[in-house]
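If you want the building blocks of each chain, they are given just below.
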Amino acid sequence: MADFGEILRNIGEFGLFQQLTLIALCFPNLIQPFIFASFLFIQSDPERHCNTDWILQADSNLTTDEQLNLTLPREEDGTFSRCQMFVPVEWDIGAIREYGLNETTGCRDGWDYYGTMYDATIVTDFDLVCDKAKMVEVTQAVIMAGILVGSVIFGPFAESFGRKRGTQITTVLLFTFTVTTALCPNVYLYLASMFMVGIGAGGYQINSIILATEWIGPSKRSWGACVAQLFGAVGLCVVAGVIYIIRDWRLAQLITAAPFTLVVVYIWFVPESARWLLSRGRTEEAKQLIVKAAAINKRSVPDSLLNNIAVQDVGNKGGIKVIFRSPIQTKYFFIITLSWFSLSLSIFCVYFNMGSFGFSIFVTQLLFGAIGIPAHILCMWLLEVFGRKILFVATLLSGGLFCILVLAVPRGNYIAVTSLVVAARFFLLSCASICNVFVQELFPTSVRQTATAIGAIAGRVGGLLAPLLNILAVYHWAIPTTVFSSLTLLSGALCLLLPETRNKDLPESANEAENNRDGTSTDKTSCSNRKSTKL
C-alpha cells in the first residue's frame, strides 16, 4: 500500500506545484495587516475643542480666540475644556459679552480637531473621544471577536466541505467587508463591518495554512506555516510605509481592498487538499490532482502507485472525539491550546500597545514588521535542524522572559523598553510559526483541521482578551505585562511534555498520531502500523 507521504516523494515534496500553491495562499497575508491599521494608527486623545459655531449666528465676524473665550469653559490649568462647552443661547452678541455664559454641557455639535498627524482617523471621523474614548479598545476587541468566530465557524466547516471551499468563502468575506468598512458613516456600522472582516480573516488564516501544508512533504513542511507568517511580517512593514504616506484611514481601507480583487479571482483555481479528498473517500478526484501536481513538477506517477493508495478507514472518523479518546492526545491538545492562547495574548497585548512605547508609531510598526522577517526565515531552517519541540519551548520561554524584563526597566527609558519588546516579538513570532507547524503534526487527518481550528480559537480568545487586559493598566501599568508574561512562561514549561515530530509523515489515523509520542518512530514504522484500505 502507498501512503500519501510516498506519493509526495514521487511527485516532489516541494516542487513548482507546491511553491505556486503556497505563494497563492500566502499572498493575502501580505494584505491582512492593513485590517488593523484603522484603529492602530490614531491619536487616541487628539487636541480638540467643542464645535461652537452656533455663536457665529450672533456675530459672524468673531475671531477664533473670541469665539473660544465666549463659548468654552476653562480647566484648572487655564486651558480650554476639551469635552465641555457653554450651553448655546439665543442672545445677541452684546448680551453674551456683557453677561457671559455659565451653564455647561457636553459637546453638542461634535469637535474641532487640530494638530493631528493624520488627515482622518476613526477617532476624528466618529468622535471617539471623552465619554467614547474606550471605543477604540472596543474596536480592537470586536475584530478579535470576529477572528474568533471565523475560527469557530470555518474550522469545522472546512473539515466537512473542504479546505478549498473554506478559503474561497473567507476571501470573499474579506474583500466585501474591507470595502464596506471604508464607506461606513458611523461607528456602529464600522464595528459590524470590522466584525465581518475579522470572521473572514480568522477563517482564512486557518484554512490557507492547512491547505498549503497538506500538499508539502515532511522535509519542507515547516515552510507552509513559516512562509505564511513571513508574508504577514512583510505586510506589517508595508503598512507602516503606506499609512505614513496616506494618512486617511478610509483611503487606506480601499487600497487594502484593491489587491483582494486579484485574490478573489485566482482563489477559485487553487487545488483542494488531496489528503482531505482521500479521507472523505473521494479517491478519483484525489488521483486527478496528484497527476496534475506531478505534471507541473515534471514528474510521473506510476499507475501501480495510484492504484494502491492507502487511505484512512472511514471507521476511524469521530470528529474531535478522536482526540479525547486518547489520554496522550488529550494532553497534547490542552498543552498546545494553552500555548497558543498565551502566545496570542502576549503578541497582541504588545502590538495593541505599541503607540505608548515613546517612539514614532511608524518606526515601531516598521520594527515590529521587520523583526518578523528574520524570525520566520530562521524558523524554516532551525525547525529542520533542532526539531519542533526544543525550538518551540526555547522561543516561548525566551519571549516570555523578554516581556517580563520590561518590568525591570525604569519608566521613560523608551530605547530599552522598545528594544526588549522588539526582542520579545522576535521570539514570539518565531514561536507562532512553530506552533502552526507543530499542531498539524500532532493530530490525524480526520481531526487535523478541527484541532488546528480549536487551537486557533484559543489564540483568538487570547487576542480578544488582549485589549481588555491592556485596560487594566489604569490600575497599575505592570498588571498586563505580568499576566501575559507569566502565562507564556508557564505554557513554555509545559511544552516539555510534547513529543518531537520532525521528519515524520503527517499522521492519517489516531494510532499514528499516538506513535509520535517518542522519538523512536520513523516513517517506515509509521507506514507499517497504518490501517489502510486498498482502492
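The structure under discussion appears in the preceding block.
Residues numbered from 1 in each chain as written. Predicted model: local features only at pLDDT ≥ 70, side-chain atom pairs only at ≥ 80, totals over all residues. Heavy atoms only, no water.

Chemist: Sorry, what's going on with the packing of aromatic side chains here?
Modeler: Given two aromatic rings, their pairing is described by the distance between the two centres and the angle made by the two planes. Enumeration over the complete set of coordinates arrives at 23 aromatic pairs. Ring centres of Tyr118 and Phe362 lie 6.1 Å apart, and the angle between their planes is 55°; on these two criteria the pair is classed as tilted. On the criterion of sequence distance, the pair formed by Tyr118 in the loop between strand 4 (111-113) and helix 6 (122-126) and Phe362 in helix 17 (residues 361-386) is long-range, its members being 244 residues apart. There is no split in this pair, since Tyr118 and Phe362 are both buried. Arranged with centres 5.2 Å apart and planes meeting at 85°, the rings of Tyr244 and Phe362 form a pair that is edge-to-face. Of this pair, Tyr244 sits in helix 10 (residues 222-245) while Phe362 sits in helix 17, and the two are 118 residues apart along the sequence. Among the aromatic residues, those joined into a cluster by ring pairs are Phe36, Phe39, Phe348, Tyr351, Phe352 and Phe368. (Phe/Tyr/Trp six-rings, centres within 6.5 Å; stacked < 30°, edge-to-face > 60°. Helix = DSSP H or I, 4+ residues; strand = E, 2+ residues; numbered from the N terminus. Buried < 20%, exposed > 50% of the residue type's maximum accessible area, 1.4 Å probe, protein only.)

Chemist: Got a minute to help me understand the pattern of salt bridges in this structure?
Modeler: A side chain of one charge can pair with a side chain of the opposite charge if their charged atoms are brought near each other. Taken as a whole and judged by the stated rule, the model has eight salt bridges. Asp45 is paired through a salt bridge with Arg82; the nearest N and O atoms lie 2.5 Å apart. With Asp45 in the loop between helix 3 (37-40) and strand 1 (48-50) and Arg82 in the loop between helix 4 (64-71) and strand 2 (84-86), this residue pair connects regions lying 37 residues apart in the sequence. We classify Asp45 as partly exposed; its relative accessible area is 44%. Linking Arg282 and Glu285 is a salt bridge whose minimum nitrogen-to-oxygen distance equals 2.8 Å. Look at the salt bridges and you will find they share partners, linking Asp45, Glu47, Arg48 and Arg82 into a network. (Salt bridge = Lys/Arg side-chain N within 4 Å of Asp/Glu carboxyl O.)

Chemist: Can you help me understand unusual backbone geometry in this one?
Modeler: Trans peptide bonds make up most of the peptide bonds, and negative phi angles are found at most residues other than glycine. The phi dihedral of Asp127 is positive, around 55°, even though this residue is not glycine. Along the chain, Asp127 turns up in the loop between helix 6 and helix 7 (135-161). Although it is not a glycine, Lys298 adopts a positive phi angle of roughly 60°. Relative to the assigned elements, Lys298 resides in the loop between helix 13 (283-296) and helix 14 (303-306).

Chemist: Even after reading the chapter, I still don't get helix 17, so can you show me in this structure?
Modeler: Working note: α-helix, 3.6 residues per turn, so residues spaced by three or four point in the same direction. Between its first and last C-alpha, helix 17 extends 36 Å over 26 residues, near the 38 Å set by a 1.5 Å rise per residue. The axis of helix 17 is deflected most strongly, by about 35°, at Met380. Gly387 sits one or two positions beyond helix 17 and adopts a positive phi of about 90°. (Expected span 1.5 Å × (residues − 1). Bend = angle between axes of the 7 residues up to and from the residue.)

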